[in-house]
Amino acid sequence: MEPLSSNTILFYNFNYIDPVSCSIHSDMEMLVSGEKIQSIGKNISKATKTTNIIKIDLENQWVLPGLIDVHCHLSGSGKKLPKFLDSDKLVRFIQKRKFFEKIIYNTMKKNAFSALMSGTTTVRTLGDAHLCVLKLRDKINSGIEIGARIFSGGKAIALKGCHGAALCLDITNIEEGLEIAQFLINQGVDCLKVMATGGVTGAKAIDEAGRPELSIEVMKAICDLAHQHGLKVTAHCEGTEGAWRCVQSGIDSLEHGADYDEGLLDKLEELKIAIIPTLAAGFAYGGHSRKETGLSEIELINEKRISKNIEVGLKRAISHGGILIGAGDDAGIPLVLHGKIAQEIKMLKKEFGLTSMESIRCATINNAKIMGREDKLGSLDPGKYADFITFNPERNPLEKLEFLFNPDSVYKAGKYIR
Ligand SMILES: [Zn+2]
């Protein structure tokens, strides 16, 4: 065992809800040295010289690893977008202005802060309006700003003229794809996101939403480059043809989803491609009027079709088994606020038959695996960040997932946040 540093804390007297073994360990102790967990188990204090360390009694609370939202957009506030932003040209013009960077930075800072306060200690943000998201990530990591840990794809890579222009960099062929991917890697992104198909917002025709966009050749070239740099590639994908292209391109995970057939599900399992169904996004659109969502009639029709297909695909994936399922809510899009990943967890259980433990697992260890960070995140184990949330003894989140909306306290890297 390493020598104890001066900032070592012993947390004791808590019930650990462990998403790895899917069991509850009672009467636990956890030794945190600096930002990381040194050891966790029963009777640690007996085996360690703990005279000079801080001891914190967690008073028989339930403890979960900090939640992870694996698909959000930090630069979106969750409010309906003003109509003038429908113009890609205007958006591009505004994005180049210095004042815009400032506004977006502050929006992202606020959103990363509210995510952390809600118990989401890590977010993966996939496509933002400005690359200053990387600056915010670094400032949070160095303790200058307070917020959830950020893993960022910077901007998504899309076929020119396609879905989500404001959050994407456009390409038309392999050469441009490689150039943009290399540019993002040089900027220091944590992963890449490609737009394999069209999306709901911005679609001008029925069925444009799930239409395949980037080719296998382009996506494969981007994946090969990213993988050489140790980065994963995730794909916005809302149709089966697009999913087949992803499978053949080396994509690591599929965002949103489609009505996957057996052949596709076999491939997802074989190639270990994870799926992130973003149910909360469909729920938000489905539960509000068009006036509230700001969707056009065509966008709404597409949205309903895509949501239905995602549900069918997810049900099939669950009964197929062997496919890693992540929890991301697309927070930042209109009507999906940051810090509400509990909604996604709830939906995974309620409508798809997962147990409470299984759906919590999606938002913890599964998400950490999807990001390739299971060595540091997703559970409370030695060597990982001491990111955790606690619930009073009478508020067991396994009995009522609603409690996840409001943990009694939040700790990040062993530090009490609230
Ligand atoms: Zn998204």
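Structure shown above.
Quick notes on the rules
Residues numbered from 1 in each chain as written. Predicted model: local features only at pLDDT ≥ 70, side-chain atom pairs only at ≥ 80, totals over all residues. Helix = DSSP H or I, 4+ residues; strand = E, 2+ residues; numbered from the N terminus. Rg over C-alpha atoms; globule rule 2.2 N^0.38 Å. Buried ≥ 20, exposed ≤ 12 C-beta atoms within 10 Å, placed from the backbone. Contact = placed C-beta atoms within 7 Å. Pairing = 2+ DSSP bridges. Axes fitted to C-alpha atoms, helices over the stretch in contact; angles between N-to-C directions. Parallel < 35°, antiparallel > 145°, perpendicular 65-115°, else oblique. Left-handed = near helix turned anticlockwise from the far one by under 90°. Core = buried A, V, L, I, M, F, W, Y, C linked by C-beta atoms within 7 Å. Domains from an automatic or database assignment.

Enquirer: How should the overall build of the protein chain be read in this particular structure?
Expert: For the protein chain, the count of helices and strands is 13 helices and 16 strands. Expected size for 418 residues packed as a compact globule is a radius of gyration near 22 Å; at 21 Å, the protein chain falls within 12% of this value. Seen through its principal axes, the protein chain has C-alpha atoms that stretch 65 × 45 × 45 Å. For the protein chain, the residues scored as buried account for 52% of the 418 residues in total. Excluding contacts between residues fewer than 6 apart, the proportion of contacts in the protein chain whose partners are at least 24 apart in sequence is 69%.

Enquirer: What is the right way to look at the sheet that holds strand E6 (residues 120-125) in this model?
Expert: Strand pairing in a sheet relies on backbone hydrogen bonds. The paired strands run either parallel or antiparallel. As summarised here, the arrangement of the three strands in space is E5-E6-E7, forming an open sheet in which the pairing is parallel. Two strands close off the open sheet at either side, each with one partner strand: strand E5 (67-72) and strand E7 (149-152). Going from strand to strand, the sheet's axes swing by 15° on average, the running direction of each strand aside. As paired strands, E5 and E6 are joined by four bridges and run parallel to one another. Pairing of cysteine 72 across the sheet is with threonine 125, part of E6. Lying over the sheet, helix H3 (residues 98-118) contacts E5, E6 and E7, oriented at roughly 140° with respect to E6. Along the sheet face, helix H4 (residues 133-141) touches E6 and E7 and points at about 150° away from the line of E7.

Enquirer: Is there a simple way to explain the packing of helix H12 (residues 341-350) against helix H13 (residues 356-370) in this structure?
Expert: The N-to-C vectors of H12 and H13 enclose an angle of 140°; their axes lie 8 Å apart at closest approach. Taken together, the axis directions place H12 and H13 in an arrangement best described as oblique. The hand of the H12/H13 crossing is right-handed. The segment H12 lies against H13, with Ile341, Glu344, Ile345, Leu348 and Lys349 engaging Ser356, Ser359, Ile360, Cys362 and Ala363.

Enquirer: I keep staring at the environment of asparagine 309 and nothing clicks. Help me out?
Expert: With respect to the helices and strands, the residue asparagine 309 is situated in helix H11 (residues 297-320). Between the alpha carbons of asparagine 309 and threonine 240 there is a distance of 9.5 Å; along the sequence they are 69 residues apart.

Enquirer: Where do I start with the environment of leucine 126 in this structure?
Expert: Mapped onto the secondary structure, leucine 126 falls in the loop between E6 and H4. Separated by 253 residues in sequence, leucine 126 and serine 379 place their C-alpha atoms 23 Å apart. With residues up to four places along the chain from it excluded, the contact list for leucine 126 reads His71, His73, Gly153, Ala156, Lys193, Thr234 and Glu255.

Enquirer: Just checking my understanding: could you explain the nonpolar core for this structure?
Expert: Note on soluble globular proteins: their nonpolar side chains tend to be buried together. Counting residues in hydrophobic clusters, the biggest one holds 121 residues, and the most contacted among them are Ala112, Ile157, Leu192, Val194, Met195 and Ile222. Among the elements that take part in this core, strand E1 (residues 8-18) stands out by supplying seven residues, more than any other. Per-domain counts for this core show at least three residues from each of domain 1 (8-66 + 379-416) and domain 2 (67-339).

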